[in-house]
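Summary of the model geometry
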Amino acid sequence: MKVLILSCKTGGGHDAAGFAMKEALEAHGHEAVMFDYLTLAGQKVSDTVGGVYVNTVKKMPHVFGAVYQIGMAASRIMRKSPVYYVNAKMGKYLEPYLEEEKFDGILMPHLYPSETLTYMKRQGTKLPPMIGVMTDYTCIPFWEETRCDAYIVAHEEMVKACVKRGIPEEKLIPAGIPVSSRFSRRADKKKAREYLHLPVDATVYLVIGGSMGAGDLEKLTGQFLKTRQEGEVFVVVCGNNKKMFQKMKKKYKEQECIVLVGQTRQMEVYMKACDMVYTKPGGLTSTEAAVSQIPMVHTAPIPGCESANRRFFVRHGMSIAPRTVEAQVEQGRALLQNPEKVEAMKKAQKETVSGNSGEEIVRILENLTY
């Protein structure tokens, strides 16, 4: 089976889900091709779309939140959104590529290519089975105007909400958000720390701002340092936010207890090495942490789907989410000092989030294809 995975550079989670599916498909002997489909129209188009998204999220999160809420309202009253018509324009670039390559199935961990392929299907283009993969614990606007053969949702609780929005129930499969199998593998914490050159006997907090280095990384780090207790080490992952990385590197160069990390492909190792993770509630990072079974504190969300993710995790006992930076640091420490609560959180994570969703999605695609 030859499978195409189409993503888009609006946040690292979509790519992470895509790479997880590529890994799962190849593990089962299938061929998988993955790329940012906007590059078919030119790298400049991809860079512009990704740049607008990233800059809005980092510099004006309240604007992003407002646009998200407008989208939620519009999706209830519009037959087809402006998003659909914009993405439809990619059809002229995607169609010749599909004709040349001949794929047996298409996976889309992003709304945009799903919109494009829906337009192509309505225009009469013959397409292989298509599966949309939702990467948040809520139904974001405009999935309901797509025409995929199946939709993978993060949890069974999402099914009712998706049906209410107009997606046929028989197409909704609560298989979970796919993450790399590396996160579910158990590993020795001491060996992970030695590999990363972290103190073996320290209490290690992992602070993540997502691929964009968004959230309150600087405030959190400052609060940790201000209230630091003996033996604590803070590993801060700035993602591809080079400006933040350089700024913090200069500010904390004398602090041995603060370890700064830029973009990394070893997130699963950092999660295995830490005692607790602080992260904004992105769908992928939160799922990776839950699959790794690490005590989790959710920090400030990007308004919109991340707010819904945070509510879901807190409601199921998989994280805590104090509203202020001061409370996040204080209550995170208190949680870590309570072994019973830590075990209860890990149990909730294990019971609520699947670490095998990639394998299940492969089986679903095989059933649709063969």
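Quick notes on the rules
Along each chain, the written sequence defines residue order, and numbers are assigned to residues from 1. At least 70 in pLDDT is required for a residue's local features to be given in this predicted model, at least 80 for side-chain atom pairs to be given and counted, and no such filter applies to totals for whole chains, interfaces and linings, which use all residues. To obtain the side-chain values, all non-hydrogen atoms of the structure were used and water was disregarded. Here a strand pair is declared whenever DSSP counts at least two bridges between the two strands. Each helix is a run of H or I in the DSSP string that is no shorter than four residues. Each strand is a run of E no shorter than two, and both are numbered from the N terminus. Residues count as neighbours in contact if any of their non-hydrogen atoms are within 4.5 Å of one another. Every axis in this analysis is a line fitted to C-alpha atoms, fitted for helices over the stretch in contact. Angles between the N-to-C directions lie between 0 and 180 degrees. Each Phe, Tyr or Trp ring (for Trp, its six-membered ring) is paired with any other whose centre lies within 6.5 Å, and the angle between the two planes then decides the class: stacked below 30 degrees, edge-to-face above 60, tilted in between. Over a ring means this: the NZ of a Lys or the CZ of an Arg is within 6 Å of the ring centre and within 35 degrees of the ring normal. Only protein chains enter the accessibility calculation, which uses a 1.4 Å probe. A residue is then buried if its area is under 20% of the maximum for its type, exposed if over 50%, and partly exposed in between. Any pair of N or O atoms that falls within 3.5 Å is considered a polar contact. Within protein, one atom must be able to donate a hydrogen and the other to accept it, and sequence-neighbouring residues count only if both atoms are side-chain atoms. An expected span of 1.5 Å times one less than the residue number is assigned to each helix. Between 65 and 115 degrees an angle is taken as roughly perpendicular, under 35 as roughly parallel, over 145 as roughly antiparallel, and anywhere else as oblique. Take the far helix as the reference: if the near one is turned anticlockwise from it by less than a right angle, the crossing is left-handed, and if turned clockwise, right-handed. Under the convention adopted here, Pro, Cys and the residues Ala, Val, Leu, Ile, Met, Phe, Trp and Tyr are nonpolar, Asp, Glu, Lys and Arg are charged, and Gly plus all remaining residues are polar. Nonpolar core, defined: a set of buried Ala, Val, Leu, Ile, Met, Phe, Trp, Tyr and Cys residues in which side-chain atoms within 4.5 Å join the residues together. A score from 0 to 100, pLDDT tells how confident the predictor is in each residue. Between Lys or Arg on one side and Asp or Glu on the other, a salt bridge is scored when a side-chain nitrogen of the former is within 4 Å of a carboxyl oxygen of the latter.

**Here we look at the sheet that holds strand 3 (residues 105-108)**
- Read across the sheet, six strands follow the order 2-1-3-4-5-6 without closing on themselves; strand pairing throughout is parallel. Edge positions in the sheet fall to strand 2 (31-36) and strand 6 (172-173), since each has one partner strand and no second.
- Across three bridges, the pairing between strand 1 (residues 2-7) and strand 3 is parallel. Paired with Ile-5 across the bridge in strand 3 is Leu-107.
- Contacting strand 1, strand 3 and strand 4 (130-133), helix 6 (residues 111-122) runs over the sheet at an angle of about 140 degrees to strand 3.

**Regarding the packing of aromatic side chains**
- Taken as a whole and assessed by the stated rule, the structure comprises 13 aromatic pairs.
- Seen from their ring centres, Phe-312 and Phe-313 are 6.0 Å apart, and the 70 degrees between their planes marks the pair as edge-to-face.
- Taken together, the ring pairs in this structure connect Tyr-205, Phe-224, Phe-234 and Tyr-278 into an aromatic cluster.
- Directly above the ring of Phe-103 sits Lys-2, whose terminal nitrogen or CZ lies 4.9 Å from the centroid.

**Considerations on helix 13 (residues 305-315)**
- Summarising burial for helix 13: eight of the 11 residues are buried, a large majority.
- Listing the buried residues of helix 13 in full gives Cys-305, Glu-306, Ser-307, Ala-308, Asn-309, Arg-310, Phe-312 and Phe-313.
- Gly-317, located one to two residues past helix 13, shows a positive phi value of around 75 degrees.

**Observations concerning the side chain of His-298**
- By the secondary structure assignment, His-298 is in strand 11 (residues 296-298).
- There is a polar contact of 2.8 Å between the side chain of His-298 and the side chain of Ser-286.
- If sequence neighbours within four positions are ignored, His-298 has contacts with Thr-279, Lys-280, Pro-281, Ser-286, Arg-310, Phe-313, Ser-319, Ile-320, Ala-321, Pro-322 and Gln-328.

**A word on helix 14 (residues 325-336)**
- Spanning 12 residues, helix 14 covers 17 Å between terminal C-alpha atoms, matching the ideal 16 Å at 1.5 Å per step.
- Within helix 14 the residues assigned to the buried category are Val-325, Ala-327, Gln-328, Val-329, Gly-332, Arg-333 and Leu-335.
- The secondary structure elements touched by the buried residues of helix 14 are strand 7 (203-208), helix 9 (217-226), strand 8 (232-237), strand 10 (276-279), strand 11 and helix 15 (339-352).

**A look at the packing of helix 1 (residues 12-27) against helix 16 (residues 357-369)**
- It is the contact of helix 1 with helix 16, at a shortest axis distance of 9 Å, that shows an interaxial angle of 65 degrees. Between helix 1 and helix 16, the interaxial angle falls into the category roughly perpendicular. The handedness of the crossing between helix 1 and helix 16 is right-handed. Contacts between helix 1 and helix 16 involve Met-21, Ala-24 and Leu-25 from the former and Gly-358, Glu-359, Ile-361, Val-362 and Leu-365 from the latter.
- Residues that form the contact of helix 1 with helix 16 fall into these classes: six nonpolar, one polar and one charged.

**Brief notes about the nonpolar core**
- Within the largest apolar cluster, 65 residues are counted, with the highest numbers of intra-cluster contacts made by Leu-6, Leu-98, Leu-117, Met-134 and Leu-206.
- Looking at which element gives the most residues to this core, the answer is helix 11 (residues 267-273), with five residues.
- In this structure, Tyr-205, Leu-217, Val-236 and Met-345 belong to the second largest nonpolar core, which totals 22 residues.

**Focus on the sheet that holds strand 7**
- Strand order in the open sheet made by the five strands is 9-8-7-10-11, with parallel pairing throughout. Strands at the two margins of the open sheet, each flanked by one partner only, are strand 9 (258-261) and strand 11. Within the sheet, the average angular offset between the axes of one strand and its neighbour, ignoring direction, is 20 degrees.

**Section: the packing of helix 9 against helix 10 (residues 242-251)**
- For the pair helix 9 and helix 10, the least separation of the axes is 11 Å and the interaxial angle reads 20 degrees. Judged by the inter-axis angle, helix 9 sits roughly parallel to helix 10. Helix 10 is crossed by helix 9, and the crossing has right-handed handedness. Counting all contacts with helix 9, which are made through Leu-217, Glu-218 and Thr-221, the residues of helix 10 involved are Met-244, Lys-247, Met-248 and Lys-251.
- Split into classes, the residues belonging to the contact of helix 9 with helix 10 amount to three nonpolar, one polar and three charged.

**Side note on the environment of Thr-369**
- Along the chain, Thr-369 falls in helix 16.
- For Thr-369, a relative accessible area of 24% puts it in the partly exposed group.
- Dropping the residues within four chain positions of it, Thr-369 is found in contact with Met-1, Asp-104 and Pro-129.
- A distance of 2.8 Å separates a polar atom in the side chain of Thr-369 from the backbone oxygen of Leu-365.

**Observations concerning the confidence of the model for the protein**
- Chain-level statistics for the protein give a pLDDT mean of 89 and a share of 89% at 70 or above.
- In this model residues 63-68 is a low-confidence stretch, pLDDT under 50, and it forms 13 contacts with partners more than four residues away in sequence or in other chains.

**Quick look at the pattern of salt bridges**
- All chains considered together, the criterion is met by 13 salt bridges.
- Residue Asp-275 is joined to Arg-193 by a salt bridge in which the shortest nitrogen-to-oxygen separation is 2.7 Å. Here Asp-275 is found in the loop between helix 11 and strand 10, whereas its partner Arg-193 is found in helix 8 (residues 189-196), with 82 residues between them in sequence. Each of the two residues, Asp-275 as well as Arg-193, counts as buried.

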